[in-house]
Amino acid sequence: DIQMTQSPPSLSASLGDKVTITCQTSQNINKYIAWYQQKPGKAPRLLIGFTSRLVSGIPSRFSGSGSGRDYSFSISNVESEDIASYYCLQYDNSPPTFGGGTKLELK
Amino acid sequence: EVKLQQSGDELVRPGASVKISCKASGYTFTNYAMYWVKQSPGQGLEWIGTIIPLIDTTSYNQKFKGKATLTADKSSNTAYMELSRLTSEDSAVYYCARAGNYGYTPFDYWGQGVMVTVSS
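Residues numbered from 1 in each chain as written. Chains lettered and ligands numbered in written order. Predicted model: local features only at pLDDT ≥ 70, side-chain atom pairs only at ≥ 80, totals over all residues. Heavy atoms only, no water.

Quick look at the overall build of chain B
Then, number 1: Counting its regular elements, chain B contains 0 helices and 11 strands.
Then, number 2: For chain B, the sequential pattern of α-helices and β-strands runs β-β-β-β-β-β-β-β-β-β-β.
Then, number 3: Since a compact globule built from 120 residues should have a radius of gyration of about 14 Å, the 14 Å found for chain B is in line with a globular shape.
Then, number 4: Taken over the C-alpha atoms alone, chain B extends approximately 40 × 25 × 25 Å along its principal axes.
Then, number 5: Within chain B, buried positions represent 51% of all 120 residues.
Then, number 6: Sequence separation of 24 or more characterises 54% of the internal contacts of chain B that already satisfy a separation of 6 or more. (Helix = DSSP H or I, 4+ residues; strand = E, 2+ residues; numbered from the N terminus. Rg over C-alpha atoms; globule rule 2.2 N^0.38 Å. Buried < 20%, exposed > 50% of the residue type's maximum accessible area, 1.4 Å probe, protein only. Contact = heavy atoms within 4.5 Å.)

In structure tokens:
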């Protein structure tokens, strides 16, 4: 199984900050990585697929990049509604595997 | 509008079984695979297994073989997951999520989740 090392586990930011989360995979996943937002008591919501493809309706302050084994996800100009947990998912190989998550909190 | 509507929260006794449903609407059920994901309290996300309704094929995370059984009813556009011989370790929220039949697509729509609590 492909291991996903997501960091940091938690992040504290002020409104308007830019934050970045990274996922390192145990092998090349050919850009098949997605990023999800999860708020308490809710299902994960897909934000970005295939490394950098923003889902329709998702604000452009969310972005993703990377290749090979190293991927990142950023939020520019953090807003209060962005306070949530974020997860990466690789879907290049079965089984699909998730990163451990990053909890974004307000400073 | 694509929607995955899951059944309600469950309180079950240790050793019992529970069957969770996930009713799909707003798309052609057989055009997509259904994935099941476990989220233990305060924890991350873990893939349980996948069913491809088009060809009635299932695949499971080795960890959940013998624990979870996935089925799908094409006549009602509903996927099911049965969990057997429940223990406290099975207390979690369980999600269904859809993705393309042939891989290489992320889980794009999710059900609202079912909280299963195992307690005597």
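So much for the structure itself; the text now carries on.
Things to note about the state of the cysteines
Then, number 1: All chains considered together, the criterion is met by 2 disulfides over all chains.
Then, number 2: Across the disulfide, C23(A) is cross-linked to C88(A) (sulfur-sulfur distance 1.8 Å). A torsion of -70° about the S-S bond marks the disulfide between C23(A) and C88(A) as left-handed. Taken together, the residues C23(A) in strand 3 (residues 19–25) and C88(A) in strand 9 (residues 85–90) connect sequence positions 65 residues apart.
Then, number 3: A residue is classified by how much of its surface remains accessible, and C88(A), at 0% relative accessible area, is buried.
Then, number 4: Paired through a disulfide, C22(B) and C96(B) show a sulfur-sulfur distance of 2.1 Å. Looking along the S-S bond of the C22(B)-C96(B) disulfide, the torsion reads about 80°, which is the right-handed sense. Here C96(B) lies in strand 9 (residues 92–100) and C22(B) lies in strand 3 (residues 18–25), a separation of 74 residues in the sequence. For the residue pair C22(B) and C96(B), the accessibility class agrees, reading buried in each case. (Disulfide = S-S within 2.5 Å.)

Some details on the interface of chain A and chain B
Then, number 1: Listed by partner, the interface residues are 17 residues for chain A and 16 residues for chain B.
Then, number 2: Each partner contributes to the roughly 1,400 Å² buried at the junction of chain A and chain B, and carbon and sulfur atoms together form 69% of this total.
Then, number 3: The tally of links from chain A across to chain B stands at 0 salt bridges.
Then, number 4: Secondary structure elements with two or more residues in the side of chain A that touches chain B: strand 4 (33–38), strand 5 (45–49) and strand 9 of chain A.
Then, number 5: For the side of chain A that touches chain B, the per-class residue count stands at 12 nonpolar, 3 polar and 2 charged. (Buried area = accessible area lost by both parts, 1.4 Å probe. Salt bridge = Lys/Arg side-chain N within 4 Å of Asp/Glu carboxyl O. Nonpolar A, V, L, I, M, F, W, Y, C, P; charged D, E, K, R; others polar.)

Comments concerning the environment of A24(B)
Residues and elements named next belong to chain B.
Then, number 1: Along the polypeptide, A24 turns up in strand 3.
Then, number 2: Judged by relative accessible area, A24 falls into the buried class, the value being 3%.
Then, number 3: In the structure, A24 is positioned 72 residues away from C96 in sequence and 9.9 Å away in space, judged by C-alpha atoms.
Then, number 4: Those residues in contact with A24 that sit more than four places away from it in its chain are K3, L4, F29, M34 and N77.

Concerning the nonpolar core
Then, number 1: Ranked by internal contacts, the top residues of the largest apolar core, which has 27 residues, are M34(B), W36(B), M81(B), Y94(B) and V116(B).
Then, number 2: Counting only elements with at least two residues in this core, the list comes to strand 3, strand 4 (32–39), strand 5 (45–52), strand 7 (68–73), strand 8 (78–83), strand 9 and strand 11 (114–118) of chain B.
Then, number 3: Per-element tally for this core: the top contributor is strand 3 of chain B, with 4 residues.
Then, number 4: Counting residues in each nonpolar core, the second largest holds 22 residues, with A13(A), V19(A), I75(A) and Y86(A) among its members. (Core = buried A, V, L, I, M, F, W, Y, C linked by side-chain atoms within 4.5 Å.)

Describing unusual backbone geometry
Residues and elements named next belong to chain A.
Then, number 1: P8 follows S7 through a cis peptide bond whose omega is -5°.
Then, number 2: Relative to the elements of secondary structure, P8 occurs in the loop between strand 1 (4–7) and strand 2 (10–13).
Then, number 3: The omega angle of the peptide bond from S94 to P95 is 5°, so this bond is cis rather than trans.
Then, number 4: In this fold, P95 is placed in the loop between strand 9 and strand 10 (97–98).
Then, number 5: Phi at N30 takes a positive value of approximately 55°, unusual for a residue other than glycine.
Then, number 6: By the secondary structure assignment, N30 is in the loop between strand 3 and strand 4.
Then, number 7: Non-glycine residue K31 carries a positive phi angle of around 75°.
Then, number 8: When you line up the elements, K31 lands in the loop between strand 3 and strand 4.
Then, number 9: Since its relative accessible area comes to 35%, K31 is described here as partly exposed.

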